[in-house]
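Here's the letter readout for the chains.
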Amino acid sequence: QKILVSGANGYIAIWVVRTLLERGYSVRSTVRSADKGKHLKGVFKDYGDRHEITVIPDITKKGAFDEAVKDVVAVEHVASPVTLQADDPYELITPAVNGTLSILQSILDHGISVKRVVITSSCAAVVREDPEPLELNESDWNEQSLEILEEGGPRLTGLVKYRASKTLAEKAAWKFWEENKDRVGWDLVVINPPYVFGPIIHEVTTPSSLNASMLDWYNYVAHPTHNFESQEFLATRGSNFVDVRDLAEAHTLALEKEDAGSKRIIVSAGVWKWQDFIDAANALSPPPKLSKPLPKGNPGAGSSNPATVHMVRFNTDRAKQIFGIKYRSISDITKDVLADFESKHW
Ligand code: NDP
């Protein structure tokens, strides 16, 4: 049973590929250039011809995935730009939306054996900013990012541009599916993760080339170089998290669980503040051997402080019911990531 995974050289997707291979599936990985496939090929060399790589230089092009979707039973569409530094919002929106529509159109036209399509959306497509703390679930949509996109101006930050790209891409996927569901042999599952942290197995030569979420983690927890490294910042800034390995497990279960069909599913382990990861790092015994001393911040001032406020929490009942994953904790992530950084001599 062969599964197509797009953007397979990325931080999350390579874990999806690995989990699928470990579970006995064959995988066709797509990357944008042959060069980007080299590391991937090396990582999975022991799987022989159960792992293959297809180069698709432009995922937004009509028919880009026509060949790649032939003979696969499912698709995991993970590729999408992740940066909070974009100038023009359409640098993000065009590949996010058109990449999604192009893969869906190829599946519609040529994916005759496809039974399920899983799309990696994000909690970026769920959240909104509000003066009051919120508890959100799968019925919530980030309309706020679309309103700000339309109005432009200073509220259209890099984060909002990214959130708009994920919201528009996910909306486009559901619309496409609604319009075509009566004539296709597959259903759609959308996974909405919050911040994803955990060890790195994709190609990263220097810390500065880390993917966006792990670059933040590196900067705040392992190598405090940032001006924001004030005690207050570390104790008050945070969001929700999931370990990359648990997220890869969710992507695999999303293929296997009948109940997942036609649902968006928030996959989140809970809330965090930077101080929580810093405390977990300082509690490690023996301490990790890194090239810089760990920050201390204000120990205990994060989530373990009863006065700490989390502006967004997610109701994760749906994921619990359908996937039943036992999530890795902040301590598990910290231990494994710092061991990974140590092995890289960072
Ligand atoms: P990475 O940056 O590590 O991976 C992104 C992948 O998408 C890469 O394969 C990249 O290819 C590909 N990609 C980026 N831009 C384009 C483009 N214009 N055309 C084609 N392919 C492109 O990020 P992550 O692994 O963190 O993210 C993967 C997915 O998970 C994304 O959909 C993201 O929105 C989602 N997500 C991530 C979260 C996180 O905290 N990391 C949280 C929630 C959702 P290339 O290497 O060639 O640029």
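Residues numbered from 1 in each chain as written. Predicted model: local features only at pLDDT ≥ 70, side-chain atom pairs only at ≥ 80, totals over all residues.

Asks: I'd like a rundown of the overall build of the protein, residues and numbers included.
Replies: If you tally the helices and strands in the protein, you get 11 helices and 12 strands. Relative to the 2.2 N^0.38 estimate, which gives 20 Å for 346 residues, the radius of gyration of the protein is 20 Å and therefore close to what a compact globule would have. Taking the principal axes of the C-alpha coordinates as reference, the protein spans close to 55 × 50 × 40 Å. Among the 346 residues that make up the protein, the fraction classed as buried is 46%. The contacts in the protein between residues at least 6 apart in sequence include a share of 79% that link residues at least 24 apart. (Helix = DSSP H or I, 4+ residues; strand = E, 2+ residues; numbered from the N terminus. Rg over C-alpha atoms; globule rule 2.2 N^0.38 Å. Buried ≥ 20, exposed ≤ 12 C-beta atoms within 10 Å, placed from the backbone. Contact = placed C-beta atoms within 7 Å.)

Asks: With reference to specific residues and values, describe the sheet that holds strand β9 (residues 238-243).
Replies: Consider a sheet: its strands pair through backbone hydrogen bonds, and that pairing is either parallel or antiparallel. Pairing is mixed across the open sheet formed by three strands, whose spatial order is β8-β9-β11. The strands lining the two open edges of the sheet, one partner per strand, are β8 (195-197) and β11 (270-273). Ignoring which end each strand starts from, the neighbouring axes of this sheet average 55 degrees apart. Pairing between β8 and β9: three bridges, direction parallel. The partner of F197 across the bridge, within β9, is D243. (Pairing = 2+ DSSP bridges. Axes fitted to C-alpha atoms, helices over the stretch in contact; angles between N-to-C directions.)

Asks: Outline the site of the ligand, listing residues and values.
Replies: Inspection of the region around the ligand gives 24 residues, with G7, G10, S80, P95 and S213 positioned closest. Looking at the shell around the ligand, the element that brings in the most residues is helix α1 (residues 11-22), giving three residues. Looking at the shell around the ligand residue by residue, the class counts come to 12 nonpolar, nine polar and three charged. (Near = placed C-beta within 6 Å. Nonpolar A, V, L, I, M, F, W, Y, C, P; charged D, E, K, R; others polar.)

Asks: Help me get a handle on the pairing of β9, residues and values and all.
Replies: Counting buried residues in β9 gives five out of six residues, a clear majority hidden from the surface. Sheet analysis places β9 next to β11, joined by four bridges and oriented antiparallel. Residue G238 lies in a different strand from β11, and its bridge partner there is K273.

Asks: Any chance you could break down the sheet that holds strand β3 (residues 51-55) for me, citing the residues and the numbers?
Replies: Reading across from one edge, β3-β2-β1-β4-β5-β7-β10 is the order of the seven strands in this open sheet, with parallel pairing throughout. Both edges of this open sheet fall to β3 and β10 (263-266), since each of them pairs with a single strand only. On average, adjacent strands in this sheet sit at an angle of 20 degrees to one another, irrespective of strand direction. As paired strands, strand β1 (residues 2-6) and strand β2 (residues 26-31) are joined by four bridges and run parallel to one another. When the bridges of β2 are listed, I3 appears paired with V27. Running at roughly 165 degrees to β3, helix α2 (residues 34-43) makes contact with β2 and β3 of the sheet.

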